[in-house]
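# Structural overview
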Amino acid sequence: MVAAIVQNADGKTEVLLVPVTHSSPEAQSGAVLIPAAVSRHLGLDDLQSYVVTTEANAVSWDDAGIIPARPGKNWAYGHLPKGLYEDIRSAMMERLRQRTLKTAKRES
């Protein structure tokens, strides 16, 4: 899931990606449940999904691993409801404040 899009000083675009998983979160893990209705809206399967807010990967927009939702037509699976977005954002911002957000820069 794209958490942020950043234009670097060199003009290249990077995206900050956060994982979405089916694994049940451990207590106090910071994972946010994606409600079933939102999962359906995004085209995810019927299993419970969670956004992991404790880690993120920075990748170049032209990374071969970034694949459109519908090649040649659409890059987005859909938008999150404002409340869910704010829950994810708040959890990630708290991790940033605590300096506990694990980040990695993935090279293409």
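Residues numbered from 1 in each chain as written. Predicted model: local features only at pLDDT ≥ 70, side-chain atom pairs only at ≥ 80, totals over all residues. Heavy atoms only, no water.

## Points about the sheet that holds strand S3 (residues 20-21)
Stated precisely, the cut-off is as follows: Two strands qualify as a pair provided that DSSP identifies no fewer than 2 bridges between them. Put simply, DSSP marks the helices as runs of H or I at least four residues long and the strands as runs of E at least two long, and each gets a number from the N terminus on. By definition, residues are in contact when any of their heavy atoms lie within 4.5 Å. Lines fitted to C-alpha atoms define the axes, with helix axes restricted to the stretch in contact, and inter-axis angles between N-to-C directions lie between 0 and 180 degrees.
Spatial ordering of the open sheet is given by S3-S5-S4, a layout of three strands whose pairing is antiparallel. Where the open sheet ends on each side, the last strands, each with one partner, are S3 and strand S4 (32-34). Pairing analysis gives three bridges linking S4 to strand S5 (residues 49-51), with the strands arranged antiparallel. In the strand pairing of S5, Val32 is matched with Val51. Running at roughly 155° to S4, helix H2 (residues 82-98) makes contact with S4 and S5 of the sheet.

## Considering the environment of Ile5
Summarising the element assignment, Ile5 is placed in strand S1 (residues 2-7). Sequence spacing of Ile5 and Leu17 is 12 residues, and the spatial spacing of their C-alpha atoms is 9.1 Å. If near-sequence neighbours (up to four positions away) are discounted, Ile5 is found in contact with Thr13, Glu14 and Val15.

## Here's the deal with the sheet that holds strand S6 (residues 55-60)
If you trace the four strands from one edge of the open sheet to the other, you get S1-S2-S6-S7, paired in mixed fashion. In the strand order of this sheet, the two ends are held by S1 and strand S7 (102-106), each with one partner. This sheet shows a mean twist of 20° between the axes of neighbouring strands, independent of strand direction.

## Structural notes on the pairing of S7
This is how the line gets drawn: Buried, partly exposed and exposed residues are distinguished by accessible area as a fraction of the type maximum, computed with a 1.4 Å probe on protein chains only: under 20%, between the cut-offs, and over 50%, respectively.
With zero of its five residues buried, S7 lies for the most part at the surface. Strand direction decides the pairing type here: S6 and S7, joined by five bridges, are parallel. Along S7, the bridge assignment pairs Val59 with Arg106.

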